[in-house]
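Each chain is listed here by its residues.
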Number of protein chains: 2
Amino acid sequence: MNTQHQITLAKRPEGLPGQEHFSFEKTDVPSPQKGEVLIQSIYISVDPYMRGRMEDTKSYVEPFQVGRVIDGGVVGKVVESESDKFSKGDYVIGHLGWKEYSTARESIIRKVDKNLAPLSAYLGVLGMPGLTAYFGMTDIGQPEDGETVVISGAAGAVGMIAGQIAKVHGAKVIGIAGSDEKVSLLKEDAGFDEAINYKTTSDIHTALREACPNGVDVYFDNVGGEISDAVYPLLNDFARIPQCGAISSYNKGGDDVGPRIQTYMIKARVRLQGFIVSDYADRFDEGAKQLGMWLQEGKLTYKETINEGFDKIPDAFLGLFSGENTGKQLIKVAEE
Amino acid sequence: MNTQHQITLAKRPEGLPGQEHFSFEKTDVPSPQKGEVLIQSIYISVDPYMRGRMEDTKSYVEPFQVGRVIDGGVVGKVVESESDKFSKGDYVIGHLGWKEYSTARESIIRKVDKNLAPLSAYLGVLGMPGLTAYFGMTDIGQPEDGETVVISGAAGAVGMIAGQIAKVHGAKVIGIAGSDEKVSLLKEDAGFDEAINYKTTSDIHTALREACPNGVDVYFDNVGGEISDAVYPLLNDFARIPQCGAISSYNKGGDDVGPRIQTYMIKARVRLQGFIVSDYADRFDEGAKQLGMWLQEGKLTYKETINEGFDKIPDAFLGLFSGENTGKQLIKVAEE
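In this report, the structure presented in the accompanying data block is examined. (Residues numbered from 1 in each chain as written. Chains lettered and ligands numbered in written order. Predicted model: local features only at pLDDT ≥ 70, side-chain atom pairs only at ≥ 80, totals over all residues. Heavy atoms only, no water.)

## Things to note about the overall build of chain A
Put simply, the rule reads: Strands are runs of DSSP state E lasting at least 2 residues, helices are runs of H or I lasting at least 4, and numbering of each runs from the N terminus. Using C-alpha atoms as the atom set, the radius of gyration is obtained and then compared with a globule rule of 2.2 Å times the number of residues to the power 0.38. Residues count as neighbours in contact if any of their non-hydrogen atoms are within 4.5 Å of one another. Accessible surface area values rest on a Shrake-Rupley calculation with a 1.4 Å probe, where residue burial reflects the displayed protein chains alone.
From N to C terminus, chain A includes nine helices and 16 strands. Taken against the 2.2 N^0.38 rule, which gives 20 Å for 336 residues, the C-alpha radius of gyration of chain A at 20 Å falls within 12% of a compact globule. By principal-axis analysis of the C-alpha atoms, chain A measures approximately 65 × 45 × 35 Å. A sequence separation of at least 24 residues applies to 67% of the contacts in chain A between residues at least 6 apart. Looking at chain A as shown, the accessible area adds up to about 14100 Å², and 45% of this sits on carbon and sulfur atoms.

Listed below in structure tokens is the structure:
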């Protein structure tokens, strides 16, 4: 029997996670049972929300278990099938383990078409990040023609799509990101009207005020923290905040303090709404269809950072918290 | 010509306001022009939101001007009329100055009926505080039968009504207030299911958890600060926060820091929405009618703290920030 590698949660982190929280193991490649397939992983997704799953606290998604394989979005190829619905050679997507090979029941995977879009896109612009951007922006943000939209974490997998969706709706879009390369990408490739490098700007408050002379109507927030502190004073009456993430907080635990925001919310009558993509599960078809159309029409540009090699998964995950990725962070663990 | 007293803003406060920010002046009693009436003030309202108007910052309501008369809700009696719509002896309500006598154009005042409700009630349960509670709770909070609703500042003019409206909707209601007398009032008179004295409770987190074994579905927040910090971890999925006030923040300026809340908002997909009553101006009739019906049906109890004497206005206002009032704080400055 063949062996493969898998990655388990070695222990729970306090604060910033590191390599020591992951454990590489060798295990047998399983055989599919009736109604199952064996999938070779090709692209493995790492996402900021996974930091929350490393904690043992009640949340919207079950915590990873210490000693158990970590799981997330995976695109792979069917290499053995005991299912009538899938054939050897089919490309599929599913929520699977950080393993080189997984068996899966046919009900938890679906086929993806390599001819319609690159395989990796099904984990990005056409997958959870794209859907997150779509529902957060259209359902909560509701940008209108001529309004000003600010996006934090703008060069991330979600932020970049969120900004382009706001552009489709006729808004002026300002991105906040952490490098000059990301700023260029947002302005030149993704069509953002303005982008600010928060790491090199000496005064983020002034930079934002200059970029948003008419105030801020929608703040699509992926980061929280000091960047958000700088946006709140600029919110216009009846502004909306799709609270998508708060990556600056995820590793801080109880030390994460800052200016209280309630007074801003009252003065401008702001609606701040936390959301997660799975709340919109019954509308995924709508979202995927719309994103696919915009992609075909050339209205959406997306970006990926793809590291190679199964052993690079923890590094790629940890890099999310220092902003090393541009766009969707993936790890390619086998050839297509 | 007769003289009267009026109160102006002497200077803008930084931090907690005091007597020194108010100036008492003597001025002539004016004469009404055509289309105006002369009103003798009877009840003058002081409200927490006025603290914001003492600052020279953009907000939803114009700042008070240094050297100019402070204004707010007043119920008074027409003592001279040059209007066809009002007669001497009519009782009226309007947004008027902190003066013993005011002239007012007929368009900015309306009659109130002393036989339907006590005059003072038009500044409380049937006035802005009641309408604030009504729209915040019904439009944003939307409590459902069996849900748990927590109210901070629960023994204030708005909080007490908000809790009773939630009871009308079948919710379990927990109030947070600052004295044992207020706790008794909420439980015994206002029908709250539970009430917590945050000043004597050694552990507000535990007290809240015990009072809310099923978590919190609606948090009607009047105070912000550490009390809100204790509520956020208990929020259920899809909880709503009508952000009505943040009185604990009003006097703190930039020193008001606390745990960041964005992660809570995401995990439970909370909707936090700031509002002010004037946003609902086109629905005031609906609100006043409903509040009046509930009052007649005995479903609403209200409470007032009435200080006597024009010279007591600043004291009564300042007392709002130390929680000296129970229910609506008014100053009676003349006999009815």
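Picking up where we left off.
## Looking at the state of the cysteines
Think of a disulfide as a covalent bridge from one cysteine sulfur atom to another cysteine sulfur atom. Residue and element names in this part refer to chain A. Counted only if it meets this: When the sulfur atoms of two cysteines come within 2.5 Å, that pair is taken as a disulfide. We call a residue buried when its accessible area falls under 20% of the maximum for its residue type, exposed when it is over 50%, and partly exposed in between, using a 1.4 Å probe and counting protein chains only.
Summed over all chains, the structure comprises zero disulfides over all chains. Free cysteine: Cys-212, not disulfide-bonded; nearest cysteine sulfur from Cys-244 at 19 Å. Classification of Cys-212 by relative accessible area gives buried; the value is 2%. For Cys-244, a relative accessible area of 14% puts it in the buried group.

## Topic: the interface of chain B and chain A
Much of the literature gives interface size as the accessible area that the parts lose upon coming together. To keep it simple, the criterion reads: Throughout, buried area stands for the accessible area (probe radius 1.4 Å) lost by two parts on being put together, summed over both. Whenever a carboxyl oxygen of Asp or Glu lies within 4 Å of a side-chain nitrogen of Lys or Arg, that contact is scored as a salt bridge. Think of a polar contact as two N or O atoms within 3.5 Å of one another; within protein, one of them needs to be a possible hydrogen donor and the other a possible acceptor, and neighboring residues in sequence only count if both atoms come from side chains. Lys, Arg, Asp and Glu make up the charged group, whereas Ala, Val, Leu, Ile, Met, Phe, Trp, Tyr, Cys and Pro make up the nonpolar group; the residues left over, Gly among them, are polar.
In this complex, chain B contributes 39 residues to the contact, which on the side of chain A involves 39 residues. Summed over both sides, the interface of chain B with chain A buries roughly 3100 Å², with 54% coming from carbon and sulfur. In this assembly, chain B and chain A are joined by six salt bridges. Across the salt bridge formed by Arg-260 of chain B and Asp-229 of chain A, the nearest N and O atoms sit 2.8 Å from each other. Linking chain B with chain A are 14 residue pairs in polar contact (both at pLDDT 80 or more), by the criterion used here. In terms of residue count, helix H7 (residues 262–267) of chain B provides more of the side of chain B that touches chain A than any other element does, five residues in total. Looking at side-chain class alone, the side of chain B that touches chain A contains 16 nonpolar, 13 polar and 10 charged residues.

## Comments concerning unusual backbone geometry
Residues and elements named next belong to chain A. Of note in the backbone geometry, Phe-238 takes a positive phi value of approximately 65 degrees without being a glycine. Within the fold, Phe-238 resides in strand E12 (residues 235–243). With relative accessibility at 42%, the residue Phe-238 sits in the partly exposed group. A positive phi angle is found at Arg-269, which is not glycine, with a value near 50 degrees. In this fold, Arg-269 is placed in the loop between helix H7 (262–267) and strand E14 (271–274). By relative accessible area, Arg-269 is classed as buried at 9%.

## A few points about the packing of aromatic side chains
Selection rule: A pair of aromatic rings is counted whenever rings of Phe, Tyr or Trp (Trp by its six-membered ring) have centres within 6.5 Å, and the orientation is called stacked for planes under 30 degrees apart, edge-to-face for over 60 and tilted otherwise. Remark: a charge is flagged as sitting over a ring if the NZ atom of Lys or the CZ atom of Arg is within 6 Å of the ring centre and within 35 degrees of the ring normal.
Applying the stated criterion to the full structure yields 24 aromatic pairs over all chains. With a centroid separation of 4.7 Å and 5 degrees between ring planes, the pair formed by Phe-135 of chain A and Tyr-280 of chain A is classed as stacked. Note that Phe-135 of chain A is positioned in helix H2 (residues 128–141) and Tyr-280 of chain A in the loop between E14 and helix H8 (284–296), a separation of 145 residues in sequence. On the numbers, 6.4 Å between centres and 35 degrees between planes, the contact of Phe-135 of chain B with Phe-284 of chain B is tilted. Placement of Phe-135 of chain B in helix H2 (residues 128–141) and of Phe-284 of chain B in helix H8 (residues 284–296) is noted, with a sequence separation of 149 residues between them. Each residue in the set Tyr-134, Phe-135, Tyr-280, Phe-284 and Trp-294 of chain A is aromatic and connected to the rest through ring pairs, giving one cluster. Here the basic side chain of Lys-111 of chain B rests over the ring of Phe-86 of chain B, its NZ or CZ set 5.8 Å away from the ring centre.

## Focus on helix H5 (residues 204–211) of chain B
Residue and element names in this part refer to chain B. What counts here: The directions considered for the arc are those from the helix axis to the C-beta atoms.
Among the residues of H5, Ile-204, Ala-207, Leu-208 and Ala-211 are the ones counted as buried. Projection of H5 onto a plane perpendicular to its axis shows the buried side chains occupying an angular sector of 95 degrees, all on one side. With a side-chain oxygen lying 3.0 Å from the backbone nitrogen of His-205, the N-terminal cap of H5 falls on Asp-203.

## Brief notes about the pattern of salt bridges
Scanning all chains against the criterion turns up 36 salt bridges over all chains. The residue Arg-260 of chain A makes a salt bridge to Asp-256 of chain B at a minimum N-O spacing of 3.4 Å. Of this pair, Arg-260 of chain A sits in the loop between strand E13 (257–259) and H7 while Asp-256 of chain B is found in the loop between strand E12 (235–243) and strand E13 (257–259), placing the two residues in two different chains. What makes Asp-256 of chain B buried here is its relative accessible area of 7%. It is possible to trace a salt-bridge network through shared partners that takes in Asp-139, Arg-283 and Glu-286 of chain A.

## Quick notes on the pairing of strand E4 (residues 71–81) of chain A
Across a regular strand the side chains alternate sides, sitting on one face of the sheet and then on the other. Residue and element names in this part refer to chain A. Put simply, the rule reads: At least two bridges found by DSSP between two strands are what make those strands a pair.
For E4, a buried count of eight out of 11 residues is recorded, marking the element as mostly surrounded by other parts of the structure. Note that strand E3 (residues 36–45) and E4 share seven bridges and pair antiparallel. What sits directly across from Ser-41, in E4, is Gly-76. Sheet topology places E4 next to strand E5 (residues 91–97); seven bridges connect them, and they run antiparallel. Note that in E5 the partner of Gly-76 across the bridge is Val-92.

## Quick word on the pairing of strand E6 (residues 101–105) of chain A
Residues and elements named next belong to chain A. Side chains Ser-102 and Ala-104 of E6 all project onto a buried face; the interleaved residues Tyr-101, Thr-103 and Arg-105 project onto a face where none is buried. Here E3 runs beside E6; their pairing, made up of five bridges, is antiparallel. Its bridge partner being in E6, Gln-40 is matched across the sheet by Tyr-101.

## Let's talk about the relation of the copies chain B and chain A
To keep it simple, the criterion reads: Copies overlap after least-squares fitting; the atoms used are the C-alpha atoms of residues with pLDDT of at least 70 in both.
Rotating chain B by 180 degrees and moving it 0.0 Å along the rotation axis overlays it on chain A with an RMSD of 0.0 Å. Classification of the inter-copy transformation places it as that of a two-fold axis. By residue overlap, the copies meet face to face through one surface: 100% of the interface positions of chain B are interface positions in chain A.

## Examining the sheet that holds strand E11 (residues 216–220) of chain A
Put simply, the rule reads: Here an angle of 0 to 180 degrees is reported between the N-to-C directions of two axes, which are lines fitted to C-alpha atoms, with helices fitted over the stretch in contact.
Taken in spatial order, the 12 strands make up an open sheet running E10(A)-E9(A)-E8(A)-E11(A)-E12(A)-E14(A)-E14(B)-E12(B)-E11(B)-E8(B)-E9(B)-E10(B), and their pairing is mixed. Bordering the open sheet on either side are strand E10 (194–197) of chain A together with strand E10 (194–197) of chain B, each of which pairs with just one other strand. Across this sheet, the average inter-strand angle for adjacent strands is 15 degrees, counted without regard to direction. Each of strand E8 (148–152), strand E9 (172–177) and E11 of chain A is contacted by helix H3 (residues 157–168) of chain A, which is oriented at about 175 degrees to E8 of chain A, the strand it contacts most.

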